[in-house]
Amino acid sequence: MTRAWADWDHVLKIDPDKDLPEGQSFEDVCRTGTDAIEVGGTLDVTRDKMGRVIDACRRYDVPLYQEPSNPAVVVEHDSLAGYLVPVVMNAGDVSWVTGAHKEWVRIDSIDWNRTHTEAYIVMNPDASVAQLTGADCDQSADDVAAYAKVAERMFGQEIVYIEYSGTFGDSEKVAAAADVLDEATLFYGGGVHDYDTAHEMGRHADVVVVGDLLHDEGVDAVRETVEGARDARAATER
Ligand code: 1GP
């Protein structure tokens, strides 16, 4: 089955705990040209905050996904295209591999057709996600490639996500993961802030994820990153 993300170049991640720049609306956000919106954050996220962002975005024509950081913030909403649930391959705390998931699956109402996982490789030790999950971020390009292969071949993951949240990462490590993946879609996120950074990571990753830029700089800056990711895809003809 072909998944929606096979055609994506760009994802915008909205942190429900952060505001939009003054004067900007969720309508502006949904018109940036991004292929999909993920609603999720690591800290201080509640179901209410999640719900508010989903409500504000749902009338526009962009697929909306929730990325829940734990089962307590999962929002059931018909307007969601689905749930992208993180699994952290290099977590020190096994809760982030199977523990939180084990609690979630006790709920009877899970819609498995709309529930998918993302195999994170967390690479920035200063990021909240690294600290929360106890991730070992000291990974060479070979290590990253090996984790990517484990995710795809042993754990059957359809999305491998190299996460440098808050800082721009090492494109050689992203390229190393891209080289070993066959079927899985490679996401890259972290520190993408303009056309050039989006283009650079978009040359290796299938999908460039942009987060903080929206809250810090706003929709025009995001639009530039959409162009960078698209042009990179066109140039590499993936
Ligand atoms: C965060 O990968 C995303 O989960 C995007 O990172 O906020 O650094 O853009 P930034």
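Just so we're clear, the structure is a prediction, and the values are computed from it rather than from any experiment.

Asker: Help me understand helix α9 (residues 219–236) in this model?
Answerer: Structurally, the α-helix is built with 3.6 residues per turn, so residues lying three or four positions apart point the same way. The terminal C-alpha atoms of α9, which comprises 18 residues, lie 26 Å apart, in line with the 26 Å expected from a rise of 1.5 Å per residue. Listed in full, the buried residues belonging to α9 are Val219, Ala221, Val222, Thr225, Val226, Gly228, Ala229, Ala232 and Arg233. If you follow the buried residues of α9, they end up packed against β1 (10–14), α1 (26–30), α7 (195–202), β8 (207–210) and α8 (212–216). Of the residues trailing α9, Glu237 is marked for its positive phi of about 50°.

Asker: Hey, could you run me through the site of the ligand in this one?
Answerer: If you check the shell around the ligand, you find Lys13, Tyr161, Glu163, Ser165, Gly166, Gly189, Gly190, Gly191, Val209, Val210, Gly211 and Asp212 and nothing else. One of the side-chain nitrogen or oxygen atoms of Lys13 is found 2.8 Å away from an oxygen atom of the ligand. In the model, an oxygen atom of the ligand is placed 2.5 Å from a nitrogen or oxygen of the Glu163 side chain. Protein coverage of the free-state accessible area of the ligand, which is 300 Å², stands at 92%. Looking at the shell around the ligand, the elements that each hand over two or more residues are β6 (159–163) and β8. For the shell around the ligand, the per-class residue count stands at 3 nonpolar, 6 polar and 3 charged.

Asker: Help me understand the sheet that holds β1, please; the structure alone is not making it clear to me.
Answerer: Sheets are built from strands that pair by backbone hydrogen bonding, the pairs being arranged parallel or antiparallel. Sheet architecture is closed into a barrel: 8 strands sit in the order β1-β2-β3-β4-β5-β6-β7-β8, paired in parallel fashion. The mean inter-strand angle of the sheet, taken between neighbouring strand axes irrespective of direction, is 30°. Direction of pairing for β6 relative to strand β7 (residues 185–189): parallel, over a ladder of 5 bridges. What sits directly across from Tyr161, in β7, is Phe187.

Asker: Sorry if this is basic, but what is going on with the environment of Asn70 here?
Answerer: By the secondary structure assignment, Asn70 is in the loop between β3 (64–66) and β4 (82–88). Each C-alpha atom, one on Asn70 and one on His101, is 8.1 Å from the other, the two residues being 31 residues apart in sequence.

Asker: What should I look at first to understand the packing of aromatic side chains in this one?
Answerer: Aromatic ring pairs are reported here in terms of the distance separating the ring centres and the angle at which the planes meet. The tally for this structure, following the rule as stated, stands at 8 aromatic pairs. Ring plane angle 70° and centroid distance 6.3 Å describe the contact between Trp5 and Trp8, whose orientation is recorded as edge-to-face. We classify Trp5 as buried; its relative accessible area is 3%. Given the relative accessible area of 5%, Trp8 is considered buried. Between Trp8 and Phe187, the ring centres sit 6.3 Å apart and the planes meet at 50°, which makes this aromatic pair tilted. Here Phe187 lies in strand β7 and Trp8 lies in the segment before β1, a separation of 179 residues in the sequence.

Calculation rules
Starting from 1, residues in each chain are numbered consecutively following that chain's sequence as written. Where local features are concerned, this predicted model is filtered to residues with pLDDT of at least 70; where side-chain atom pairs are given and counted, the filter is 80 or more; whole-chain, interface and lining totals use all residues. Hydrogens and water are ignored here; the side-chain numbers use all heavy atoms of the structure. Helix and strand definitions follow DSSP, with helices as H or I runs of at least four residues and strands as E runs of at least two, each counted in order from the N terminus. In this analysis, the expected span of each helix is defined as 1.5 Å times one less than the number of residues it contains. To sort residues, take the accessible area from a 1.4 Å probe on protein chains only and compare it with the maximum for the residue type: under 20% means buried, over 50% means exposed, and anything in between is partly exposed. Whether two residues are in contact is decided by their heavy atoms: any pair within 4.5 Å suffices. By convention in this text, a residue qualifies as near a molecule or strand provided that one of its non-hydrogen atoms is within 4 Å of it. Any pair of nitrogen or oxygen atoms within 3.5 Å is treated as a polar contact; in protein, a donor-acceptor pairing is required on top of that, and neighbouring residues in sequence qualify only through side-chain atoms on both sides. Areas reported here follow the Shrake-Rupley algorithm with a probe of radius 1.4 Å; residue values treat only the protein chains shown as occluding. All amino acids are sorted into three groups, where Ala, Val, Leu, Ile, Met, Phe, Trp, Tyr, Cys and Pro are nonpolar, Asp, Glu, Lys and Arg are charged, and the leftover types, Gly among them, are polar. DSSP bridges decide pairing: two strands pair if at least two such bridges lie between them. Inter-axis angles, ranging from 0 to 180 degrees, are taken between N-to-C directions of lines fitted to C-alpha atoms, where helices are fitted over the stretch in contact. Only Phe, Tyr and Trp rings take part, Trp by its six-membered ring, and two of them pair if their centres are within 6.5 Å. Stacked means planes under 30 degrees apart, edge-to-face means over 60, and tilted covers everything else.

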